[in-house]
Amino acid sequence: MALHHNTTKVTEFILLGFTSERNLQLLLFSFFLPMYLLSVAGNLGLAILIRAERALHTPMYYFLSHLALMDLCSCCTVAPKMLLGLLKGYDTIPIPACGLQMFIFAAVSDAECCLLAVMAYDRYVAICRPLHYGTAMPQHLCHLLVIASYVAGMTSGVIHSSMAFRLPFCSANTLDHFFCDIPLILDLACADTQINQLLLLVVCGTIQSITLLTIITSYGIILWTVGQTGSFRGMSTCGSHLIVVGVLYGTLLFMYLRPDDTYAPQTDKMTSVFYTVAIPTLNPAIYSLRNTEVKQAVKKRLSRICHQT
């Protein structure tokens with residue numbers, strides 16, 4: 001912090017992390033480090049596999065590769081700083097770095113919601129309109145839908161981060177968290193944050209509501225069609241997708257669309273770990289272990305490597 005005209009101006013935030021007990025910090029570090037490394041390896045590996053294998057060059061796997069990249073970006077935005085804080089005992093983050101972390105995380109989270117809606121629509125077309133799938137999901141439309149997801153996420157990230165760091169931070173600089181989460185940053189501002197709270201509710205609420213409605217509608221039609229025809233072809237990927245949707249939306253709605261007076265630091269930290277580290281770690285496993293084509297592609301690649309050696 002810097003002193004200027006008898007006023008203390010905040011230039012960095014202190015991240016308290018999970019606990020002040022040293023043994024517990026090191027235990028958490030030893031637990032979260034393998035999760036982070038597994039998340040990086042799993043998501044990066046899945047994205048590379050989909051790009052490398054021609055058999056996986058379909059709209060569904062194209063979207064899945066971008067979901068893996070989003071999960072990779074989300075985890076790498078939060079986890080390294082969290083791990084450093086656990087290793088050191090506590091950590092600090094300059095305001096510009098905090099703003100960047102907030103922007104990237106908010107952008108990726110909302111972009112992922114949009115992409116999950118796109119993936120649900122893709123499954124609807126594949127299962128309910130299989131004869132028209134090629135014309136209904138052409139390559140240029142797939143590219144456009146992914147770009148739109150990124151644009152929507154980046155717009156949300158810009159709105160929240162720019163509005164948050166236009167506020168003055170006068171004296172309080174201790175953040176009872178392991179990353180720069182929007183609601184807690186707003187709590188430290190020494191100015192009225194009603195506009196920020198409203199934007200958080202409107203922007204996040206709109207994106208999450210529209211995308212969730214798209215997902216529910218798509219799968220509602222899928223289930224009705226399957227019930228009418230008795231054909232379960234193509235349904236194998238739907239279970240994986242619904243697991244990911246349920247976990248992500250459940251945690252995001254719990255964290256960002258509830259009254260301010262219901263925030264509980266320790267509970268919210270564990271929930272935050274779930275969607276910043278656990279979900280990106282689980283997603284590659286969920287999609288890979290439940291997907292025959294991905295498992296076949298992995299076996300094919302491993303077989304090629306074994307023959308080359």
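This structure is a prediction, so every number in the text was calculated from the model and none was measured. (Residues numbered from 1 in each chain as written. Predicted model: local features only at pLDDT ≥ 70, side-chain atom pairs only at ≥ 80, totals over all residues. Heavy atoms only, no water.)

### Observations concerning the packing of aromatic side chains
Here is step 1: Going through the model one piece at a time under the given rule, you end up with 10 aromatic pairs.
Here is step 2: Aromatic side chains Phe105 and Phe179 sit 5.2 Å apart centroid to centroid with 70 degrees between the ring planes, which places their arrangement in the edge-to-face category. Residue Phe105 is located in helix α3 (residues 95–128), and its partner Phe179 is located in the loop between β5 (174–175) and α6 (182–188); the two are separated by 74 residues in the primary sequence.
Here is step 3: On the accessibility criterion, Phe179 (0% relative accessible area) is buried. (Phe/Tyr/Trp six-rings, centres within 6.5 Å; stacked < 30°, edge-to-face > 60°. Helix = DSSP H or I, 4+ residues; strand = E, 2+ residues; numbered from the N terminus. Buried < 20%, exposed > 50% of the residue type's maximum accessible area, 1.4 Å probe, protein only.)

### Regarding the pattern of salt bridges
Here is step 1: The tally for this structure, following the rule as stated, stands at 4 salt bridges.
Here is step 2: Lys269 is paired through a salt bridge with Asp176; the nearest N and O atoms lie 2.6 Å apart. Here Lys269, found in helix α9 (residues 265–289), pairs with Asp176, found in the loop between β5 and α6; they are 93 residues apart in sequence, far enough to count as distant.
Here is step 3: For Asp176, a relative accessible area of 31% gives the class partly exposed. (Salt bridge = Lys/Arg side-chain N within 4 Å of Asp/Glu carboxyl O.)

### Considerations on the state of the cysteines
Here is step 1: Evaluation of the coordinates by the stated rule reveals 2 disulfides.
Here is step 2: Between Cys98 and Cys180 runs a disulfide, and the two sulfur atoms are separated by 2.0 Å. One quick way to see it: the torsion about the S-S bond of Cys98 and Cys180 is about -130 degrees, and its sign makes the bridge left-handed. Of the two residues, Cys98 sits in helix α3 while Cys180 sits in the loop between β5 and α6, which places them 82 residues apart along the sequence. Each of the two residues, Cys98 as well as Cys180, counts as buried. (Disulfide = S-S within 2.5 Å.)

### Comments concerning the confidence of the model for the chain
Here is step 1: Per-chain confidence: the chain averages 85 in pLDDT, with 90% of residues scoring 70 or above.
Here is step 2: Taken element by element, the chain is modelled with least confidence in strand β1 (residues 2–4), mean pLDDT 41, and with most confidence in helix α5 (residues 139–164), mean pLDDT 96.
Here is step 3: Overall, residues 1–6 carries pLDDT values under 50, and its contacts beyond four positions in sequence, including any with other chains, amount to 11 contacts. (pLDDT = per-residue confidence, 0-100. Contact = heavy atoms within 4.5 Å.)

### Observations regarding the sheet that holds strand β3 (residues 12–15)
Here is step 1: Strand order across the open sheet formed by 3 strands is β4-β3-β5, with mixed pairing between neighbours. Since the sheet does not close on itself, it has two edges, and those belong to β4 (91–94) and β5, each with one partner.
Here is step 2: Two strands pair when backbone bridges link them, and β3 and β5 are joined in this way by 2 bridges, in the parallel orientation. Residue pairing in the sheet places Leu15 in a bridge with Leu175 of β5.
Here is step 3: Its contacts with the sheet put helix α2 (residues 59–88) on β3 and β4, and the angle it makes with β4 is roughly 140 degrees. (Pairing = 2+ DSSP bridges. Axes fitted to C-alpha atoms, helices over the stretch in contact; angles between N-to-C directions.)

### What to know about a nonpolar patch on the surface
Here is step 1: Nonpolar side chains collect at one region of the surface, where Leu198, Leu201 and Val202 lie side by side and expose about 280 Å² of accessible area between them.
Here is step 2: Its place among the elements puts Leu201 in helix α7 (residues 194–229). (Patch = residues over 30% accessible without salt bridge, like charges linked within 9 Å, V, L, I, M, F, W, Y side chains within 5 Å. Areas by Shrake-Rupley, 256 points an atom, 1.4 Å probe, with all protein chains shown as cover.)

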